[in-house]
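# Fold and geometry: a report
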Amino acid sequence: MKDCVSAGLYALAGRLSKSRLGSHGGLLNSGGLTYNRLTMRAAFLTGVRAIEIRETPEPKISRDDDVLVRSKAVGVCGSDLHYYLSDCVGADKVSYPFIPGHECAGVVEAVGKAVARVRPGDTVVVEPAVSCGTCDQCRTGRPHTCRKLLFLGHYGELTGGMAEFVLAPERNCVPLPAKMTAVQGALAEPLSIALYAAGLAGSVRGKTAGVLGAGPIGLSVMMALKADGGGAVYATEKVEARLGAAVKAGADWTGNPDREDIVAEILARESLGLDIVFECCGEQSALDQAVALLKPGGTLVAVGIPIEPRVSFDSSKARRREIRVQNVRRQNKCLEKAVGMIHAGRVKVDFLATHFFKLEEAREAYETAAARRNGVIKAIVTP
Ligand SMILES: [Zn+2]
Ligand SMILES: [Zn+2]
């Protein structure tokens, strides 16, 4: 329908060359009048617990390295829920409205003229962090902490994937092998964070690990550890339905901190303490458990995003055991690896995607994820 309208207006406008119209259509100007402003449907986060489906102008190829992606699968992330449930994240005030969605995969619709890595029709997962390439961080291999970092689906930064289309630079579009689905592509993003977090702990081979929190990130950490030869994995989670998922993800033991003293239970099995603990829920109680569980010289990897602006540690325990605390900022160059591991079958992520929603049901997707309703692990919106 849209194409017919374009074609009609193209004939009418006359003055426009076909190349300027592009394969995807665009604005048609005639005598100062603007016809056929192409719009798309997008889910806007408009306030706390408020999502509206709105018509908004389609993103357009404007740079030579732009890639326009038709969004096919977008995961609802725990970090999205922060913006959904509160207008404050840490010390940051959220500015609405914006289009969320950074765990995004889809099919390339159109490309800028210098793009060589992908072609229209290719399925890609979009690396959501767009770095500048020139600052001190970028130049020293840390694009994820780029001074001018722009993030997909983050308010005040880049338009996210909860829409029919999303625009990204070529370097941020990771092609998916033919066998892989867009949903698997969307799941590769949280897996990349898990791979990066596991990597920050040093070699995990044969090491005992605790994973506190069995949401999509915690579960992905468990799979990353097992794929890289990790030792026994002890998983804890308050949502009962996720304990079964932890076993699927490779946990050797699971416990619910609401029902049992998980520190005592784990130390009864690992009397020397654990080598590494991944805190994957952003809760003070879990940070305390992590310090209590670690052996001297152990590493606490703080993956979860706390809602409170400050967290604390038992300084005596942490100091005497010389606990290393490693913070994690998203991930760095791990998306290709995540795609490769899923493709090779080394990590089986499909069970993480438990609930699917149309774009119009985006609010339902967020509510389901926020309430951990119906055994949800990852809610996926399919625009
Ligand atoms: Zn995320
Ligand atoms: Zn930079």
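Residues numbered from 1 in each chain as written. Chains lettered and ligands numbered in written order. Predicted model: local features only at pLDDT ≥ 70, side-chain atom pairs only at ≥ 80, totals over all residues. Heavy atoms only, no water.

Structurally, Ser220 can be placed in helix 6 (residues 216-227). Sequence-distant contacts of Ser220, defined by excluding residues within four places in its chain, comprise Pro190, Leu191, Ala194 and Leu352. (Helix = DSSP H or I, 4+ residues; strand = E, 2+ residues; numbered from the N terminus. Contact = heavy atoms within 4.5 Å.)

With that settled, consider the environment of Arg54. Relative to the elements of secondary structure, Arg54 occurs in strand 4 (residues 50-57). Excluding anything up to four places from it in sequence, Arg54 contacts Met40, Arg41, Ala42, Phe44, Thr46 and Pro97. For Arg54, the side chain forms a polar contact with the side chain of Glu52, separated by 3.0 Å. (Polar contact = N/O pair within 3.5 Å; in protein donor to acceptor, adjacent residues only side chain to side chain.)

This part covers the sheet that holds strand 19 (residues 324-327). An order of 16-15-14-17-18-19 is seen for the 6 strands of this open sheet, with the pairing classed as parallel. With one partner strand each, in any of the chains shown, strand 16 (253-255) and strand 19 form the two edges of the open sheet. The average undirected angle you get between the axes of adjacent strands in this sheet is 15 degrees. Relative to strand 19, helix 5 (residues 182-200) is tilted by about 150 degrees, and along the sheet it contacts strand 17 (274-279), strand 18 (294-302) and strand 19. (Pairing = 2+ DSSP bridges. Axes fitted to C-alpha atoms, helices over the stretch in contact; angles between N-to-C directions.)

Bringing the state of the cysteines into the picture now. Applying the stated criterion across every chain yields a total of 0 disulfides. You can see Cys334 has no disulfide; the closest cysteine sulfur is in Cys280, sitting 15 Å from it. Its relative accessible area of 10% is what places Cys334 among the buried residues. (Disulfide = S-S within 2.5 Å. Buried < 20%, exposed > 50% of the residue type's maximum accessible area, 1.4 Å probe, protein only.)

With that settled, consider the coordination of the zinc ion (ligand 2). The zinc ion (ligand 2) binds to the protein through Cys132 (SG), Cys135 (SG), Cys138 (SG) and Cys146 (SG); the donor distances cover 2.3 to 2.4 Å. The site at the zinc ion (ligand 2) holds 4 donor atoms, and with the angles between them running 103 to 116 degrees, its shape is tetrahedral. Read in sequence order, the donor residues coordinating the zinc ion (ligand 2) give the pattern C-x2-C-x2-C-x7-C. (Donors = N, O, S within 2.8 Å, 3.2 Å for Na, K, Ca; no water. Tetrahedral: all angles 85-135°; square planar, octahedral: opposite > 155°, others 65-115°.)

Below, the discussion takes up helix 3 (residues 78-85). Most of helix 3 is tucked away, with 6 of its 8 residues classed as buried. Those residues of helix 3 that fall on the buried side of the exposure criterion are Ser79, Asp80, Leu81, His82, Tyr83 and Tyr84. The inward-facing, buried residues of helix 3 abut strand 3 (39-47), strand 4, strand 5 (66-75), strand 6 (88-89) and helix 12 (362-371).

This part takes up the coordination of the zinc ion (ligand 1). Here the zinc ion (ligand 1) is held by Cys77 (SG) and His102 (NE2), and the distances to it run 2.1 to 2.3 Å. In this pair, Cys77 is assigned in the loop between strand 5 and helix 3 and His102 in the loop between strand 7 (92-93) and strand 8 (103-111), connecting sequence segments 25 residues apart. For Cys77, a relative accessible area of 10% translates into the label buried.

A few words on the pairing of strand 14 (residues 209-212). Here strand 14 shows no split at all, with Ala209 and Val211 on one side and Gly210 and Leu212 on the other all buried. In the classification by handedness, the crossover that spans strand 14, the intervening helix 6 and the parallel strand 15 (residues 233-236) is right-handed. Sheet topology note: the strand 14/strand 17 ladder contains 4 bridges and is parallel. Within the sheet, the bridge partner assigned to Leu212 lies in strand 17 and is Glu279. (Right-handed = clockwise from strand over helix to strand, strands pointing away.)

Attention shifts here to the nonpolar core. With 53 residues, the main nonpolar core has Leu219, Met222, Leu225 and Phe278 as its most contacted residues. Considering each element in turn, this core owes the most residues, 11 residues, to helix 5. The residues contacting Met222, other than those within four sequence positions of it, are Val211, Gly213, Ala214, Val233, Ala235, Ala246, Ala249 and Ala251. Core analysis: the next-biggest nonpolar cluster, separate from the first, contains 42 residues, Phe98, Val108, Leu152 and Phe357 among them. (Core = buried A, V, L, I, M, F, W, Y, C linked by side-chain atoms within 4.5 Å.)

Let us look at the packing of aromatic side chains. We describe a pair of aromatic rings using the distance from one ring centre to the other and the angle between the two ring planes. Per the stated rule, a full pass over the model turns up 6 aromatic pairs. Measuring from centroid to centroid gives 5.4 Å for Tyr83 and Tyr155, while their planes differ by 90 degrees, and the two rings are edge-to-face. With Tyr83 in helix 3 and Tyr155 in the loop between strand 11 (150-151) and strand 12 (165-169), this pair connects stretches of sequence that are 72 residues apart. A network of ring pairs unites the aromatic residues Tyr83, Tyr96, Phe98 and Tyr155 as a single cluster. Arg54 extends its terminal NZ or CZ atom over the ring of Phe44, reaching a point 5.2 Å from the ring centre. Sitting over the ring of Phe151, Arg330 keeps its end group 3.5 Å from the ring centre. (Phe/Tyr/Trp six-rings, centres within 6.5 Å; stacked < 30°, edge-to-face > 60°. Lys NZ or Arg CZ within 6 Å of the ring centre and 35° of its normal.)

Attention now goes to a nonpolar patch on the surface. Together, Val311, Phe313 and Val325 line one region of the surface with nonpolar side chains, adding up to about 210 Å² of accessible area. Inspection of the secondary structure assignment puts Phe313 in the loop between strand 18 and helix 10 (315-320). A residue is classified by how much of its surface remains accessible, and Phe313, at 33% relative accessible area, is partly exposed. (Patch = residues over 30% accessible without salt bridge, like charges linked within 9 Å, V, L, I, M, F, W, Y side chains within 5 Å. Areas by Shrake-Rupley, 256 points an atom, 1.4 Å probe, with all protein chains shown as cover. Salt bridge = Lys/Arg side-chain N within 4 Å of Asp/Glu carboxyl O.)

Here the bond from Tyr96 into Pro97 is cis, since omega is -5 degrees, no more than 30 degrees from zero. Relative to the helices and strands, Pro97 resides in the loop between strand 7 and strand 8. Here the phi dihedral of Arg49 falls at roughly 55 degrees; this positive angle occurs in a residue that is not glycine. Looking at where Arg49 falls in the secondary structure, it is placed in the loop between strand 3 and strand 4.

A few words on the pattern of salt bridges. Within this structure, the stated rule accounts for 22 salt bridges. Close ionic contact of Arg259 with Glu240 constitutes a salt bridge, the shortest N to O distance being 2.6 Å. Of this pair, Arg259 sits in the loop between strand 16 and helix 8 (262-269) while Glu240 is found in helix 7 (residues 240-248), placing the two residues 19 residues apart along the sequence. Judged by relative accessible area, Arg259 falls into the exposed class, the value being 54%. Overlapping salt bridges bring together Arg41, Glu164 and Glu360 as one network.

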